[in-house]
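Structural overview
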Amino acid sequence: MSAEFGDRTGRRGKLTRWLRGRRPKETAGDGGREDLLLAAATAGLPLAPAAHPATGYGCSCDRVGCPTPARHPVSFAWQTQSTTDRAQIERWARHQPQANFITATGMVHDVLDVPLEAGHKALERLLAEGVEVGPVAESDDGRMLFFTLTRGTPEDEDEWWPCELDCHPETMDEHPGLRWHCRGSYVLVPPARLPGDDDQQVRWLRGPEYALPDPLSLLEPLTDACARHAAQEPDSHSTTWPLHH
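Quick summary incoming for the structure in this document.

Calculation rules
- All residue numbers refer to position in the chain's written sequence, counted from 1.
- Local features in a predicted model are, by the rule used here, given only for residues with pLDDT of at least 70; side-chain atom pairs are given and counted only at 80 or more, and totals for whole chains, interfaces and linings are based on all residues.
- Excluding hydrogens and water, the side-chain values take into account all heavy atoms of the structure.
- By salt bridge we mean one thing: a side-chain nitrogen of Lys or Arg within 4 Å of a carboxyl oxygen of Asp or Glu.
- A helix here means a DSSP run of H or I that spans at least four residues, while a strand means a run of E at least two residues long, and both kinds are numbered starting from the N terminus.
- A simple rule labels every residue: compare its accessible area, found with a 1.4 Å probe on the protein chains alone, to the largest value its type can have, and call it buried under 20%, exposed over 50%, or partly exposed in between.
- Only Phe, Tyr and Trp rings take part, Trp by its six-membered ring, and two of them pair if their centres are within 6.5 Å. Stacked means planes under 30 degrees apart, edge-to-face means over 60, and tilted covers everything else.
- A positively charged side chain is recorded as over a ring if its NZ (Lys) or CZ (Arg) lies within 6 Å of the ring centre. The angle to the ring normal must also be within 35 degrees.
- A pair of cysteine sulfur atoms is labelled a disulfide when the two atoms are within 2.5 Å.
- Put simply, buried Ala, Val, Leu, Ile, Met, Phe, Trp, Tyr and Cys residues joined by side-chain atoms within 4.5 Å make one nonpolar core.
- The criterion used for residue contact is that any of the two residues' heavy atoms lie within 4.5 Å.

All right, on to the pattern of salt bridges then. When the charged atoms of two side chains lie near each other, side chains of opposite charge can form a pair. Enumeration over the complete set of coordinates arrives at nine salt bridges. The salt bridge partner of R94 is E34, with a shortest N-O separation of 2.8 Å. Separated by 60 residues along the polypeptide, R94 in helix α5 (residues 86-95) and E34 in helix α3 (residues 30-42) bring together distant segments of the chain. Taking the shortest distance from any N to any O, the salt bridge between R203 and D140 comes out at 2.8 Å. Note that R203 is positioned in strand β9 (residues 201-206) and D140 in the loop between β4 (136-139) and β5 (143-149), a separation of 63 residues in sequence. The exposure class assigned to D140 is partly exposed, which follows from its relative accessible area of 34%. The structure contains a network of salt bridges with shared partners spanning R125, E129, E220, D224 and R228.

This is the structure in structure tokens:
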């Protein structure tokens, strides 16, 4: 991506405001939450219940000092539990009215997880170039999630990029801040609440009604934007979410 494109902050601001105006309505109450969860399931995203925020920055789980409060599944069997079955999701949503939900990656879809600022710049580039972009979520803790088709199981395992991509010294400089959630990983699916006193959330920027694209069609702009972001914020990759396993 050219420096000129990356510097168009005015255009990015207009794009962001336009996208925010097109977000799916997250209506108050359980009905709006349930509708959004069912929409995600209808789009093929397998869901399972997750923890939710407790007092302050705490987590609803029993673990003392939970390292990922309100961001992890309730059950250790989340991979087999994850489902798109409407009746089951309705039961979970009604019986666990405060629960967040995760979507298991590597089954139907993967998620490319990048710093929020880099994600906005990459999204502007992708839309300007006419690239098909699928569902996109943003998190108030500074991440943007691009939902894509899963790559499946490559014949050459050396080509597989695990979700801890940005955590190894040999890959951090090449792909700073980028995490590819695939087999054995998960992300929060909107609507989700994060710990804190200021009502932080994970919300759709582009809803699950958008078709899932090939992840490789998004990879270059996302990698480029992450590299530029890391150059501006040398410590930005240290703020990525802990591994979701």
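Having seen the model, we can carry on.
What follows concerns the packing of aromatic side chains. For the structure on display, the rule yields three aromatic pairs. Centre to centre, the rings of W92 and F101 are 6.4 Å apart; their planes meet at 50°, and the pair counts as tilted. Here the two residues W92 and F101 agree in accessibility, since each one is buried. A centroid spacing of 5.1 Å and a plane angle of 55° characterise the contact between F147 and W204, whose relative ring orientation is tilted. Here F147, found in strand β5, pairs with W204, found in strand β9; they are 57 residues apart in sequence, far enough to count as distant. An identical accessibility class is assigned to F147 and W204; each is buried. Over the ring of Y210 we find R206, and its NZ or CZ is 3.7 Å from the ring centre.

As a further point, take the state of the cysteines. Summed over all chains, the structure comprises zero disulfides. For C59, which is in no disulfide, the shortest distance to another cysteine sulfur is to C61 and amounts to 3.5 Å.

This next bit is on the nonpolar core. Counting residues in hydrophobic clusters, the biggest one holds 29 residues, and the most contacted among them are L47 and F147. Elements with a contribution of two residues or more to this core: α3, β1 (47-50), α5, β2 (100-104), β5, β7 (186-189) and β9. The biggest single contributor to this core is α3, with five residues. Beyond its immediate stretch of four places on either side in the chain, L47 contacts L37, A40, A41, Q81, S82, T83, I89, W92, F101, I102, T103 and V189. Grouped together as the second largest cluster of nonpolar side chains are 19 residues, L123, M144, L219 and A225 included.

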